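Examination of the molecular architecture
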Amino acid sequence: MTIERAQVLNGVVLLALLAVFVFAMGLVQNDYYVKIVMLIGMNVILAVSLTITSGFTGVFSLGQIGFMAIGAYTSALMTIPPAAKPQALLPGLPGWLSNLDLVRSLAGVLSGAGLAAEQAAAIAGPLALVVAALAGALLAAGVAVLVGIPLMRLSGHYVAVATLGFLVIVNAIALNLDSVTRGARGLGSIPALSRIWIVYVFAAITVYAVWRIRSSPFGRAMLAQRENVAAAQAMGVDILRTRLLAFVVGAFFSATAGALWAHMVTAVAPNAFYFIYTVNVIVMIVVGGMGSVTGAVIGAVLLTLIPELLRGLEGGATIGPIKLPLLFGLSNIILAVGFVLVMIYRRTGLMGNRELPLFWPAARTTATPAPPVQAPAPLSSKEVIAPTTDS
Amino acid sequence: MAFVLQQLINALALGSIYALMAIGLAIIFGILRLINFAHGELLMIGPFFVLVLTLVGVPFGLAVPIAVVLAGIVGIIMERLAYRPLRGAPDVSLLLTSLGVSIFLQNITIMFFGGQSRAFSGPAFLDQRLPVMQNVGISTIDVVIFATAMVLVTLFSLFVTRTMLGISMRASAENLLAAQLIGINIGRVIMVAFIIGAGMASVAGILYGMRIGKIDPLLGFIPLLKAFVATVIGGFGSIPGAVLGAYVLGFLEILLAGSLPSGFTAYRDAIIFALLIVVLLVRPQGILGSGETERV
Amino acid sequence: MSSTNGRDGMLRIDNLSVYYGGIQALKDVSLHLETGELLAIIGANGAGKTTLLRTLSGVLKARSGSIRFEGKELTRLSPFDIVALGIAHSPEGRQLFGGLTVLENLKLGAVQRTDRAAIEQDLARTFELFPVLKERRLQRAGTLSGGEQQMLAIGRALMARPRLLLLDEPSLGLAPLLVERIFGVIARLKAERVTLLLVEQNARMALNVADRAYVMETGRIKLRGTAAELAANPEVERAYLGG
């Protein structure tokens, strides 16, 4: 059995398991559990996106949630029925957008193409979500290109703060561009189009795409320049292009997660897409292992379920899976402490750089490239490795 | 003319708050290569400590120094528990850990005080205006802020140029390897850096809280980012640069507030961060910077 | 300044192995140094000489082996403690505090000392040894020329009044005239009975001034002997003396 065939078989088995899972979940009636399962899927998308944006390249972006917001708002504006977004309320919207009722339009197109009315209606929902999500994702990707070209040149600290600045800018726009976003009150009446199967299809596509990129020359380039920029450049890696690709791909998928989120919660507001969510996703990939797609998935699952369990400890009212982190602190405290402990004691997380070897040992994916061997460079003032016995 | 004077004082007051934050950030970054995201929380706990102390009956004038000392202790604990174990780790780890510490402190405060803002004010005389000129009154609070900052910055300056510990601190921020090789007690230097940083940040927080009249657990977030912008503008790695950048930023903000068409004033912060990005691209070493940057 | 343990000498390194950057930079290195002597370590770039000195000073950790200085084991100590024991280090590439003045740099060399009067004495002595530093004492160290910076680095290390002075590549990047001057200073220090461990790429100058020497290559000690012996050694001549 060649590696490729083993991988294909593994993929098929995983997909089959996923299908069974989704089908089983479809039988669950409890609205709360359904939302949790969907949230897990969305967090998987976000965690895997952050893995490619930051985990592989080592370039830490704190702005990811800004792209999620772009996806959420854009898709919401497309699918909210015109009655809920009149010009009076949102004067900033172009006429065609105010009048756009995506679900109904698509249903119309489908029946025009010959489908029966009920079928058309049934398909139009998910289709609208997909279309809206893609629109949001493309817009986010465009913004990512514009923002990424200048930012991806910068190194560690600068990039972190600059991307955080980007998040603040997006937040400021959402808060202040009332004519389009309704400011702090946000947008409501978003059709509840998200379904478990749709979310997991998106998640599967995201995981697959990032997995493929990781195994590709681009992926190797990303990992190489994380280890050592100079050496990677010497090997011919175009650092800027590599980082930019990682950034844009991450932005694209984060935006789809935003669209899915908006259509589950049926409302969007600026404070949902801010600092705390950013840190949540970071914790997911750190716990799971920053360089690992499998790790990201595991981290997302754990870090969606555990806070929910912890929230029960807070004794306050929880409104389903809709987080109100500003009001309840305990679960965040526990997470923050746990996160710091992970950073101190097991920085590589659960998986480190490794992926889960699937059923056949022969199907193990390519390992991280070993850093090129070089004579030890003279210690710069930044590289001191001091023992901790000084007082 | 009167308007200009008022805005000038405004800018100086704002710049002073940023300067007090930026110094702490700059030193800690210089020595540890750590952007301490939790520095914003060091600003926030200052006024909250004062609040608690005054609620139990401690007079304001006594509550402030106690609060500053408490903040310093929090700073030391922060360093020992969260950052010291990571000595020698890659910079990204430190940065991420500081995010964790930041969230922790924010939520501890939320747990005890709830998430909403609370009123905060100092002694009554601070709210009055000095009738300096006929039509313009200058807020006493702004003068106090500026004066406090000047005093603290001067004291700090003396400390880092006249005492061996202070000189050691500057040296450690310049070249940590050499500092170790000549036998500087790095552990002590770091502790002092955190004490000073926390102390200044908490003073900034108390002043800031009094100026805007209310405090909340997320008080420190935006000032932290602004302080960072200040250090970048002034020159990353340079302590005088941090102070300079802070005042430049203060003036810029007031300028923007004054000159933007009214529909856009809320975007002031967004514009400032866009400016940060521009500076990082065009002149990453800032005004006084030491060429610390790595570009690709 | 006499050694307390006659048999072991002042410094004794046994089977030292150090890893750096994922590579084994020092392989089973053993050497010893007597009080008052000038020991040179020569070898090409990358041979591990700097790694050796940095491990001595405690900024790098040894994987295995021992370093005993006047009877005390150094490998577990912090750089702070090692300086306290009397070992000062003039690093490769000077490693000065560029933004601080010459005077501040020198004073920092004495940072662990508390004997004010003696520190002033040593400052005066350093200025006498390096008059140009006195001239430029209020200038920022980063503005000095290469030769002046090297003098400052050595001066700073001397301000600790060390029992053992480590000199890492003092001639690196300097013009021949300056190299002569630096080695003149080294010779003078030797005459004043300062114990010196000198690491140098410039083998000729090093062997001229040293008592004994070791030759290092890719992390190992390859040759050892008195300076005269090594200078006469044909291998050494061919590889390091351009003979």
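Sequence order sets the numbering: in each chain, residues are counted from 1 along the sequence as written. Chain letters start at A and ligand numbers start at 1, both assigned in the order the entries are written. Where totals are concerned, whole chains, interfaces and linings use all residues; where local detail is concerned, this predicted model gives features only for residues with pLDDT of at least 70, and gives and counts side-chain atom pairs only at 80 or more.

**Looking at the overall build of chain B**
- The numbering of helices and of strands both runs from the N terminus, where a helix is a DSSP run of H or I of at least 4 residues and a strand a run of E of at least 2. A count of helical and extended segments in chain B gives 11 helices and 4 strands.
- Radius of gyration: over C-alpha atoms. The globule rule applied is 2.2 Å multiplied by the number of residues raised to the 0.38 power. Here the C-alpha radius of gyration of chain B, 19 Å, is about what a compact globule of 296 residues would show, namely 19 Å.
- Principal-axis analysis of the C-alpha atoms places the extent of chain B at approximately 60 × 50 × 40 Å.
- Looking at chain B residue by residue over its 296 residues, the buried ones come to 55%.
- Working definition of a contact: two residues with C-beta atoms, positioned from the backbone, lying within 7 Å. Pairs at least 24 residues apart make up 73% of the contacts formed inside chain B by residues separated by at least 6 positions. Residue burial here comes from a neighbour count, namely the number of other C-beta atoms, placed from the backbone, that lie within 10 Å of the residue's own C-beta, with 20 or more meaning buried, 12 or fewer meaning exposed, and in between meaning partly exposed.

**So, the overall build of chain A**
- A count of helical and extended segments in chain A gives 15 helices and 0 strands.
- In chain A, which comprises 391 residues, the proportion classed as buried is 48%.
- Counting contacts in chain A only where the partners sit at least 6 residues apart, residues at least 24 apart contribute 79% of the total.

**A look at the interface of chain C and chain B**
- With 22 residues of chain C at the interface, the matching set in chain B holds 15 residues.
- Counting only elements with at least two residues in the side of chain C that touches chain B, the list comes to α2 (79-84) and α3 (102-109) of chain C.
- Residues belonging to the side of chain C that touches chain B are distributed by class as follows: 12 nonpolar, 7 polar and 3 charged. Each residue is assigned to one class: nonpolar for Ala, Val, Leu, Ile, Met, Phe, Trp, Tyr, Cys and Pro, charged for Asp, Glu, Lys and Arg, and polar for all the others, Gly among them.

**Digging into the interface of chain B and chain A**
- Chain B puts 49 residues into the contact, and the matching count from chain A is 49 residues.
- Of the residues forming the side of chain B that touches chain A, the biggest block, 15 residues, is contributed by helix α4 (residues 91-113) of chain B.
- Split by residue class, the side of chain B that touches chain A holds 32 nonpolar, 10 polar and 7 charged.

**Section: α4(B)**
Residues and elements named next belong to chain B.
- Spanning 23 residues, α4 covers 33 Å between terminal C-alpha atoms, matching the ideal 33 Å at 1.5 Å per step.
- Among the 23 residues of α4, 17 are classified as buried, and the element is accordingly described as predominantly covered.
- At the C-terminal side of α4, G114 shows a positive phi close to 75°. Expected helix span is taken as 1.5 Å per residue step, with the number of steps being one fewer than the number of residues.

**Remarks on the confidence of the model for chain A**
- For chain A, per-residue confidence averages 80 on the pLDDT scale, and 85% of positions sit at 70 or higher.
- The predictor's confidence in any single residue is recorded as pLDDT, a number from 0 to 100. Note that residues 359-391 of chain A has pLDDT below 50 and, in this model, 73 contacts with residues that lie over four places away or in other chains.

**Observations concerning the sheet that holds strand β1 (residues 11-20) of chain C**
All names here are of chain C.
- Two strands are counted as paired when DSSP detects at least two bridges linking them. The sheet built from 4 strands is open, its strands ordered β2-β1-β4-β5 with antiparallel pairing. Edge positions in the open sheet fall to β2 (23-33) and β5 (72-73), since each of these has one partner strand only.
- In this structure, β1 lies alongside strand β4 (residues 64-69), joined through 5 bridges in antiparallel fashion. Note that in β4 the partner of S17 across the bridge is S64.
- Axis angles are defined between N-to-C directions and span 0 to 180 degrees, where every axis is a line fitted to C-alpha atoms and, for a helix, only to the segment in contact. Sheet strands in contact with helix α1 (residues 49-57) are β1, β2 and β4, and its direction is about 70° off that of β2.

**Focus: the environment of Q121(C)**
- With respect to the secondary-structure elements, Q121(C) resides in helix α4 (residues 116-129).
- Taking the C-alpha atoms as reference points, Q121(C) and M159(C), 38 residues apart in sequence, are found 9.7 Å from one another.

**Quick notes on the pairing of strand β10 (residues 220-226) of chain C**
Residues and elements named next belong to chain C.
- For strand β9 (residues 212-217) and β10, the ladder comprises 6 bridges, and the chain directions are antiparallel. Bridging from a neighbouring strand, V215 pairs with L223 of β10.
- The hairpin turn running from β9 into β10, its antiparallel successor, is 2 residues long, and T218 in that turn takes a positive phi close to 40°.

**Concerning the environment of R156(C)**
- Tracing the backbone shows R156(C) in helix α6 (residues 146-158).
- For the pair R156(C) and A110(C), spaced 46 residues apart in the sequence, the C-alpha separation amounts to 7.7 Å.

**Here we look at the confidence of the model for chain B**
Residues and elements named next belong to chain B.
- On average, chain B scores 87 in pLDDT, and the residues at 70 or more come to 92%.
- Low pLDDT (under 50) marks residues 292-296, which in the prediction has 12 contacts with non-local residues, meaning those over four places away or in another chain.
- What the predictor reports for the complex is a pTM of 0.85 with an ipTM of 0.89.

**Structural notes on the nonpolar core**
- Membership of the largest hydrophobic core comes to 302 residues, with the highest contact counts inside it found for M21(B), A22(B), I23(B), L198(C) and A213(C).
- At 18 residues, helix α1 (residues 2-32) of chain B tops the list of elements feeding residues into this core.
- Ignoring any residue separated from it by four or fewer positions in sequence, one finds L198(C) in contact with L38(C), L39(C), A40(C), L167(C), I186(C), A206(C) and A210(C). For this entry, the nonpolar core is defined as buried Ala, Val, Leu, Ile, Met, Phe, Trp, Tyr and Cys residues connected by C-beta atoms within 7 Å.

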